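One-letter residues, chain by chain:
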Amino acid sequence: MAIDKIQSESINLADTFAFTGTVTGTPSGMTLLATSVVSGTGTTSVQLNNFFNDTLYNAYTIYINNSTPVDNAKILYIRFVAPNGDIITASDYVHVTSSTERNISTDASGNAYNAGEGTFGRINGNVDSSNNDTYATNYILHLVDPLNTTSYKSIQWQSTGIDQAATGYRTNNGSVWLKQTAALGGIQFYFSSGNIAVPTEFRMYGVTKWKN
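Residues numbered from 1 in each chain as written. Predicted model: local features only at pLDDT ≥ 70, side-chain atom pairs only at ≥ 80, totals over all residues. Heavy atoms only, no water.

### Let's talk about the packing of aromatic side chains
Using the following cut-off: Any two of the Phe, Tyr and Trp rings considered here, Trp counted by its six-membered ring, make a pair once their centres fall within 6.5 Å; the pair's planes then place it as stacked at under 30 degrees, edge-to-face at over 60, or tilted in between. Runs of H or I in DSSP of at least four residues are treated as helices and runs of E of at least two as strands, each being numbered from the N terminus. Think of it in three bands: with a 1.4 Å probe and only protein chains considered, a residue is buried below 20% of the maximum accessible area for its type, exposed above 50%, and partly exposed in between.
Going through the model one piece at a time under the given rule, you end up with seven aromatic pairs. Between Tyr63 and Tyr205 the ring centres are 5.8 Å apart and the planes differ by 90°, which places this aromatic pair in the edge-to-face class. One end of the pair, Tyr63, is in strand β3 (residues 57-67); the other, Tyr205, is in strand β12 (residues 201-208), with 142 residues separating them in the sequence. On the basis of relative accessibility, which here comes to 29%, the residue Tyr63 falls in the partly exposed class.

### Details of the environment of Ala115
Note the following rule: Two residues qualify as a contact provided that any one of their heavy atoms is within 4.5 Å of a heavy atom in the partner residue.
Relative to the helices and strands, Ala115 resides in the loop between β6 (108-114) and β7 (121-122). As for Ala115 and Thr97, which are separated by 18 residues in sequence, their C-alpha atoms are 9.5 Å apart. With sequence-adjacent residues up to four places away left out, Ala115 is seen in contact with Val94 and His95.

### Considering the pairing of strand β11 (residues 186-191)
The test is simple: The pairing criterion is simple: DSSP has to find at least two bridges between the two strands.
Among the six residues that make up β11, six are buried, leaving the element largely enclosed by the rest of the structure. Because side chains alternate across β11, one face comprises the buried residues Gly186, Gln188 and Tyr190, and the other comprises Ile187, Phe189 and Phe191, equally buried. Relative to β11, strand β2 (residues 45-49) is paired through five bridges, and the arrangement is antiparallel. Residue pairing for β11: Ser45 is matched across the bridge by Tyr190. Where strand β4 (residues 76-81) lies against β11, six bridges are found, and the strand directions are antiparallel. Bridge pairing in β11 places Phe80 opposite Ile187.

### Brief notes about unusual backbone geometry
In this model, Val198 is joined to Pro199 through a cis peptide bond whose omega is 10°. Residue placement: Pro199 occurs in the loop between β11 and β12. Phi at Asn50 is positive, roughly 65°, even though this residue is not glycine. Note that Asn50 resides in the loop between β2 and β3. Not every positive phi belongs to a glycine, and Asn66 is a case in point at roughly 55°. In this fold, Asn66 is placed in strand β3. Of the residues examined, Asn66 reaches a relative accessible area of 37% and is grouped as partly exposed.

### Description of the pattern of salt bridges
Going by this rule: Here, a salt bridge means any Lys or Arg side-chain nitrogen found within 4 Å of an Asp or Glu carboxyl oxygen.
In the structure shown here, the tally under the stated rule is three salt bridges. Linking Arg170 and Glu101 is a salt bridge whose minimum nitrogen-to-oxygen distance equals 2.8 Å. Here Arg170 is found in strand β10 (residues 168-178), whereas its partner Glu101 is found in strand β5 (residues 93-103), with 69 residues between them in sequence. Accessibility assignment for this pair places Arg170 and Glu101 in one class, buried. In this structure, the salt-bridge partner of Glu201 is Arg203, at a minimum N-O distance of 3.6 Å. Arg203 sits in the partly exposed class, given a relative accessible area of 25%.

Here it is in structure tokens:
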């Protein structure tokens, strides 16, 4: 018998289901689009490409869990990727950061970091990352409307982590701007040198497009 609506009390949600045809009404809110988990001895970079879809989403959230470099005292960078897969390396990136720090032996203090135009965006602020898993850094990044062709691209981010000396406990907030109006195809993450280490995990979610 064909039905067009299922009540929550009609099924056991612990069971496994296979659907055919078109299923509507789900997902709601955020949809997992991509997962990349660093394995083995690490990797030089992680790219999340070809997941932008302006029919379904116009904003994206990226979570980076337990981020560490293989070598100590490295800085996490990003670059955007063009729709054809080319890494955008032009000197059109601008990055700014505000930070609050608690040194293990002193009171909290605020500081800011900014740089002129460069060939990458920096999302560590002015602090190096530790290669100790105990002091891993976690990030949340928000990218809005990457396929538009009328405005510069920007990504906002927040991170929490402990510096390479294990004395500075930080909350960083910042943004990276790309001074180009062309549509984007993805984003690349890499450290200033060396590999991204285990157990770093990247997840990208699409935020369901809001109605006009």
